[in-house]
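Spelled out from the first residue to the last, the chains are:
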Amino acid sequence: MPITGIYGPDDFTSRPQGQSATSARPAPVRTAPALPMPSLAWTAEVEAATAHLYERVKHVIPPIEWPLMAPTIKAINELKQARGAVILAHNYQAPEIFHCIADIGGDSLQLAVEATKVKADIIVQCGVHFMAETSKLLNPDKTVLIPDTRAGCSLAASITGADVRLLREKFPGVPVVAYVNTSAEVKAEVDICCTSSNAVQVVESLNAPSVIFLPDRYLATYVASKTDVKIIAWKGACEVHERFTGEELRSYRDADPSVQIIAHPECPPDVLAEADFTGSTAHMINWVREKRPKRLVMITECSMADNVRAELPDVEMLRPCNLCPHMKRITLSNILDSLLTLREEVTIDPALAMRARRSVERMINLKN
């Protein structure tokens, strides 16, 4: 069913001005003694201690680069044990993070679910800020760290809690679904959250003829094509996925008709029309594991193709992917610093967190 309407900030003349949802963040309030900087020299001991980790990434990290990474990887893995910390990493993190230091990896839904099972006192979120906020919402009594607070998201920045309230005024009684790529402020104003993995299921679970779906216009379009529910959308977009074009994909097929193309539903409709498969990052990975195509184009963030190839080296990856500048703010260096200093801590106002937590938990508790 076509989207029945799409709205953005310019459609509300009374929209409050000021900080965006992602910039209005509480300052960290807790400090802890810093641990001394470990040696980051490449030694025979480091080489031996990290050899098994290099086996995981040898197909995507050249041998000449490993001595530059391995000492920091060893130090991080030792520090997280000393701190009693667990590291969560999104699929878009670089292979040296995703495969060599992360305790839990996955897409937004997987990380949200796993965050509820974490026993460690400290969570280091290797992702963007809304993911760290989600971990904090689900673990209010734990210390949640993000190595770089500037790791934002174009989707999260596209809408505020005030915008959601204006949408509710315009469409009274219509339930609101928020993609998890939103701030805690926005999550506090909606009925339920979703990820790209379960967006259609979440929309249909509301048993409503119309649903407001925000903030990704392209994911909203994809959801609308899979359901009879009328979708009212927001004008947000992922700056990584919206850069792909259908013409670009056709050029890959012209060069090699045998190539397989899979795409994330945050891409524009002309891109999805050219893809052999559309799905969330988790669904894309499972598709590759099952199909094992000879040559593949993954239309999503670049590092995910590296992470899949590290696991499945027999699949040849063509590289038309785009890098997320926000995800790439998370590095081995600032992860190490975060563990040494216990910075930067993610904090959320308790009253706002209580409201936001309900929408996330409702998603997690939704029965399949």
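Presented here is a report on the structure given in the accompanying data block. (Residues numbered from 1 in each chain as written. Predicted model: local features only at pLDDT ≥ 70, side-chain atom pairs only at ≥ 80, totals over all residues. Heavy atoms only, no water.)

Things to note about the overall build of the chain
And then number 1: Looking only at helices and strands, the chain features 15 helices and 13 strands.
And then number 2: Since a compact globule built from 368 residues should have a radius of gyration of about 21 Å, the 21 Å found for the chain is in line with a globular shape.
And then number 3: Here the C-alpha coordinates of the chain stretch approximately 65 × 55 × 35 Å along the principal axes.
And then number 4: When burial is assessed residue by residue, the chain has 58% of its 368 residues classed as buried.
And then number 5: Counting only contacts in the chain whose residues sit at least 6 apart along the sequence, the fraction spanning at least 24 positions is 65%. (Helix = DSSP H or I, 4+ residues; strand = E, 2+ residues; numbered from the N terminus. Rg over C-alpha atoms; globule rule 2.2 N^0.38 Å. Buried < 20%, exposed > 50% of the residue type's maximum accessible area, 1.4 Å probe, protein only. Contact = heavy atoms within 4.5 Å.)

What to know about the sheet that holds strand S12 (residues 295-299)
And then number 1: Taken in spatial order, the four strands make up an open sheet running S11-S10-S12-S13, and their pairing is parallel. If you trace the sheet from one side to the other, it starts and ends with strand S11 (277-278) and strand S13 (316-318), each paired once.
And then number 2: Pairing of strand S10 (residues 260-263) with S12 involves four bridges; the strand directions are parallel. If you follow Gln260 over to S12, its bridge partner there is Leu296.
And then number 3: Against the sheet, helix H12 (residues 281-291) engages S10, S11 and S12, with an angle of about 160 degrees to S10. (Pairing = 2+ DSSP bridges. Axes fitted to C-alpha atoms, helices over the stretch in contact; angles between N-to-C directions.)

Focus: the pairing of strand S8 (residues 210-214)
And then number 1: Counting buried positions over the five residues of S8 gives five, a clear majority of the element.
And then number 2: Both faces of S8 are covered, namely the face carrying Ser210, Ile212 and Leu214 and the face carrying Val211 and Phe213.
And then number 3: Sheet analysis places strand S6 (residues 176-179) next to S8, joined by three bridges and oriented parallel. In the strand pairing of S8, Val177 is matched with Phe213.
And then number 4: Judged from the four bridges that link them, S8 and strand S9 (residues 230-234) form a sheet pairing that is parallel. By the bridge assignment for S9, Phe213 is matched with Ala233.

Details of the packing of H12 against helix H13 (residues 302-311)
And then number 1: Relative orientation of the contacting elements H12 and H13 amounts to 35 degrees, with a least axis distance of 11 Å. The chirality of how H12 crosses H13 is right-handed. Here Thr281, Met284, Ile285, Val288 and Arg289 of H12 come into contact with H13, specifically with Met304, Val308 and Glu311. (Left-handed = near helix turned anticlockwise from the far one by under 90°.)

What to know about unusual backbone geometry
And then number 1: Note that the residue after Leu214, namely Pro215, is joined by a cis bond; omega there is 0 degrees.
And then number 2: With an omega of 0 degrees, the peptide bond running from Arg343 to Glu344 counts as cis.
And then number 3: By the secondary structure assignment, Glu344 is in the loop between helix H14 (332-341) and helix H15 (350-364).
And then number 4: A positive phi is found at Asn207, a non-glycine position, where the angle reads about 55 degrees.
And then number 5: For Asn207, the location among the structural elements is in the loop between helix H8 (199-205) and S8.
And then number 6: Residues other than glycine seldom take positive phi values, yet Leu342 does so here, at roughly 60 degrees.
And then number 7: Locating Leu342 in the fold gives a position in the loop between H14 and H15.

Here we look at the sheet that holds strand S1 (residues 5-7)
And then number 1: Strand order in the open sheet formed by five strands is S1-S9-S8-S6-S7, with parallel pairing between adjacent strands. Each of the sheet's edge strands pairs with one partner strand only, and the pair in question is S1 and strand S7 (192-194). For this sheet the average axis-to-axis angle between neighbouring strands, irrespective of direction, equals 25 degrees.
And then number 2: Along the sheet, helix H6 (residues 161-170) contacts S1, S6, S8 and S9; its crossing angle with S8, the most-contacted strand, is approximately 160 degrees.
And then number 3: Across the sheet, helix H9 (residues 217-225) touches S1, S6, S8 and S9, and the angle it forms with S9 is around 175 degrees.

A look at the packing of helix H5 (residues 129-138) against H15
And then number 1: Relative orientation of the contacting elements H5 and H15 amounts to 95 degrees, with a least axis distance of 9 Å. Judged by the angle between their axes, H5 and H15 are roughly perpendicular. In this structure, H5 uses Thr134, Leu137 and Leu138 to contact H15, whose residues at the interface are Ala353, Ala356, Arg357, Val360, Glu361 and Ile364.
And then number 2: Residues of the contact of H5 with H15, tallied by class, amount to six nonpolar, one polar and two charged. (Parallel < 35°, antiparallel > 145°, perpendicular 65-115°, else oblique. Nonpolar A, V, L, I, M, F, W, Y, C, P; charged D, E, K, R; others polar.)

Some thoughts on H14
And then number 1: Taken across its ten residues, H14 has eight buried, putting it largely inside the fold.
And then number 2: When H14 is considered as a whole, its buried residues turn out to be Leu332, Asn334, Ile335, Leu336, Ser338, Leu339, Leu340 and Thr341.
And then number 3: Where the residues of H14 are buried, they touch helix H2 (66-83), strand S2 (85-90), helix H3 (95-98), strand S4 (122-126) and strand S5 (143-145).

Here we look at the state of the cysteines
And then number 1: In this structure the tally under the stated criterion is zero disulfides.
And then number 2: With no disulfide of its own, Cys194 has Cys193 as its nearest cysteine by sulfur position, at a separation of 7.5 Å.
And then number 3: For Cys194, a relative accessible area of 0% corresponds to the buried category.
And then number 4: Cys324 takes part in no disulfide bond, and the closest cysteine sulfur, belonging to Cys238, lies 6.6 Å away. (Disulfide = S-S within 2.5 Å.)

The values reported here are purely geometric and, on their own, carry no functional implication.
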